[in-house]
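Each chain, letter by letter, is given below.
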Amino acid sequence: MFPLLRYFSIASLAAVIVTTALLGLLHHRVERIQLLSIGESNHVALTQSFANTLLPSFRELAATAKNLDTDALKRHPLTASIDSNVRGAMQNARVVKVKFYDTEGRTIFSTDATQIGRDYRANPGFISALQGRPLSELTHRDSFSAFDREIVDRDVLSSYVAMRASGNAPAEGVLEVYSDVTDWIEHTNQQAFVVTLATILSLCLLYAALYFIVRHADGLLRTQYRQLQRSESELRVAATAFESQEAMMVTDADGVILRVNRAFVEITGYTAEEVVGKTPRVLKSGRHDADFYRTMWQSIVQSGSWQGELWDRRKNGEEYPEWLTISAVKDSNGIVTHYVGAHLDITERKKAEEQIKAMAFYDQLTGLPNRTLLMDRLGHAMTLCARSNWHGALMFIDLDHFKAVNDSLGHNAGDMLLQQVAQRLQHCIRACDTASRLGGDEFVVMLENLAASRLDAVQQLDEIGNKILAELNQPFQLGADVGHNTPSIGAVLFNGRESSVDVLLKLADEAMYQAKGRGRNGMVICR
């Protein structure tokens, strides 16, 4: 995450330093400009004052100086007179030196006599003043020759000002005035220090206020950033989970499909473009009635979810079983915004269940119900017979000389014989009856819904038994060989009042052995 507080602190500190420095420099420059302007104005006024009182003396001295050398000029009585007048006028004033140049740039008067006679015709200040533009300069002097003494470490303001008889008169010379402005500079520096200190204090207060604001904002941003990271992590997990092996579907609150995952496309055969914008009814197989769906939605409304097994239809029309879990997604106000459906194709599981069921309840060779399923159906049939007074019958069938088939033609031929016997038994009985294999060459047929009259039930049993005898006496095609076999059948009627299913099986078994004792290939009904 961007370190807001750290960068704010660094940037703010830099801003305070830069702002303070710039304001200090700006204040110092403004004060110097003002000082130069005020000082120059004073010097212009002073020059005019000198012009009013001393211009005749300066004019006379300028005229005389043309014929005098430097030493003679310094000793001239008029020079001493002007010096006396200038010093008298400058008492208690800031002015520390005055020089007068004639129009040729020669210094014809100076309170510092050593500078009399010097040529300043090339001096920029002299030239500017002679052209009517006063020029001032503020400098710091380590030492400076004042009227009557040497001063040190002073700030001096010098101005070149043209001396005129009146405002529009031509310049008759240039007056250079030096003023000691050290106390002004110190005052300016003190003001600058105060301004700088006030600026620093104000900026620090502003920085402190902004710091707490930014720190609070940084805390909020960090909290939001952590929440965003958690949300992104949850979204990545959700996205990964969404693209899981289970088919996933997301709908809006009205059940319109918004999104499906790759597994949904693979399982149903529909592309995302084909189902988005539609409802899940596109998958309905038609196996479930309106009550089923009404119960489902009641559960979703009451508990927010539903799960259960149902049948859907793929795009190619194939129906398939699935385990469906529907969950309602609600907002912070408890209003449903979306529904998420997880579709698990349980086709393979159903096949496995059917295989397990087949192994548990059906004979693996013939596909007929085994002893376990037969006993269950026989118990159920006895209960129905007792309730309705109808009869049922149990036929115990044993193949005659089956071992000889195995010994002569092989076990494969024996297995084919058993399979064909199973098929013929199923052709001989009704849909409500059961043909089963107990093991080896032993089969049991259970007949249901025979007549209430025992005599009529015996007749029905006899007809079915003769039909089975006739079918099983037909030749069997056992691969390349043709086999023959006959059955011995023992039968017993029941009406549900018998003590147990085991007793019925025992009676039928005994009747079968009676049939074998009578020469085989026949049926004996236990009376």
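Residues numbered from 1 in each chain as written. Predicted model: local features only at pLDDT ≥ 70, side-chain atom pairs only at ≥ 80, totals over all residues. Heavy atoms only, no water.

Let's shift gears to the sheet that holds strand S10 (residues 336-345). With respect to topology, five strands assemble into an open sheet ordered S7-S6-S10-S9-S8, the strand pairing being antiparallel. Two strands in the sheet have a free side with no partner beyond their single neighbour: strand S7 (257-260) and strand S8 (305-313). Direction aside, neighbouring strands of the sheet carry axes that sit 25° apart on average. Judged from the nine bridges that link them, strand S9 (residues 319-330) and S10 form a sheet pairing that is antiparallel. (Pairing = 2+ DSSP bridges. Helix = DSSP H or I, 4+ residues; strand = E, 2+ residues; numbered from the N terminus. Axes fitted to C-alpha atoms, helices over the stretch in contact; angles between N-to-C directions.)

Most often, soluble globular proteins keep nonpolar side chains buried together rather than apart. The biggest cluster of nonpolar side chains holds 34 residues, and the ones touching the most others in it are Met-395, Leu-425, Phe-443, Leu-447 and Ile-468. For this core, the secondary structure elements donating two or more residues are strand S11 (391-400), helix H11 (402-409), helix H12 (411-428), strand S13 (442-450), helix H13 (454-472), strand S14 (476-478), strand S16 (486-494) and strand S17 (522-526). Apart from the residues lying within four places of it in its own chain, the contact partners of Ile-468 are Met-395, Ile-397, Leu-425, Cys-428 and Ile-489. Ranked by size, the runner-up nonpolar core spans 24 residues in total, among them Ile-82, Val-86, Phe-100 and Met-163. (Core = buried A, V, L, I, M, F, W, Y, C linked by side-chain atoms within 4.5 Å. Buried < 20%, exposed > 50% of the residue type's maximum accessible area, 1.4 Å probe, protein only. Contact = heavy atoms within 4.5 Å.)

Another point: a nonpolar patch on the surface. On the surface, a nonpolar cluster with roughly 310 Å² of combined accessible area is contributed by Val-18, Leu-22 and Leu-25. Following the sequence through the fold, Val-18 ends up in helix H1 (residues 4-65). (Patch = residues over 30% accessible without salt bridge, like charges linked within 9 Å, V, L, I, M, F, W, Y side chains within 5 Å. Areas by Shrake-Rupley, 256 points an atom, 1.4 Å probe, with all protein chains shown as cover. Salt bridge = Lys/Arg side-chain N within 4 Å of Asp/Glu carboxyl O.)

Our focus in this paragraph is the packing of H11 against H12. Look at H11 against H12: their axes get within 6 Å of each other, and the N-to-C directions meet at 140°. One element, H11, and the other, H12, form an angle in the oblique class. On H12, the residues that touch Phe-402, Val-405, Asn-406 and Leu-409 of H11 are His-411, Ala-413, Gly-414, Leu-417 and Leu-418. Considering only residue class, the contact of H11 with H12 consists of six nonpolar, three polar and no charged. (Parallel < 35°, antiparallel > 145°, perpendicular 65-115°, else oblique. Nonpolar A, V, L, I, M, F, W, Y, C, P; charged D, E, K, R; others polar.)

Secondary-structure assignment places Asp-180 in strand S5 (residues 173-180). Only 2.8 Å separates the side chain of Asp-180 from the side chain of Arg-154, close enough to count as a polar contact. Every residue in contact with Asp-180, bar those within four places of it in the chain, is listed here: Arg-94, Val-96, Arg-154 and Asp-155. (Polar contact = N/O pair within 3.5 Å; in protein donor to acceptor, adjacent residues only side chain to side chain.)

Turning our attention to the pairing of strand S4 (residues 150-163). When a strand is regular, its side chains alternate between the sheet's two faces. Among the 14 residues in S4, ten count as buried, and that is most of the element. By the bridge criterion, ten bridges tie strand S3 (residues 135-145) to S4 in an arrangement that is antiparallel. Of the residues in S4, the one forming a bridge with His-140 is Asp-155. As paired elements, S4 and S5 share eight bridges and run antiparallel to each other. From the neighbouring strand, Ser-159 faces S5, where its bridge partner is Val-177.

Inspection of every chain in the model, using the stated rule, returns nine aromatic pairs. Its end group placed over the ring of Trp-311, Arg-287 keeps NZ or CZ at 3.7 Å from the ring centre. The side chain of Arg-314 reaches across the aromatic face of Tyr-320, ending 4.1 Å from its centre. (Phe/Tyr/Trp six-rings, centres within 6.5 Å; stacked < 30°, edge-to-face > 60°. Lys NZ or Arg CZ within 6 Å of the ring centre and 35° of its normal.)

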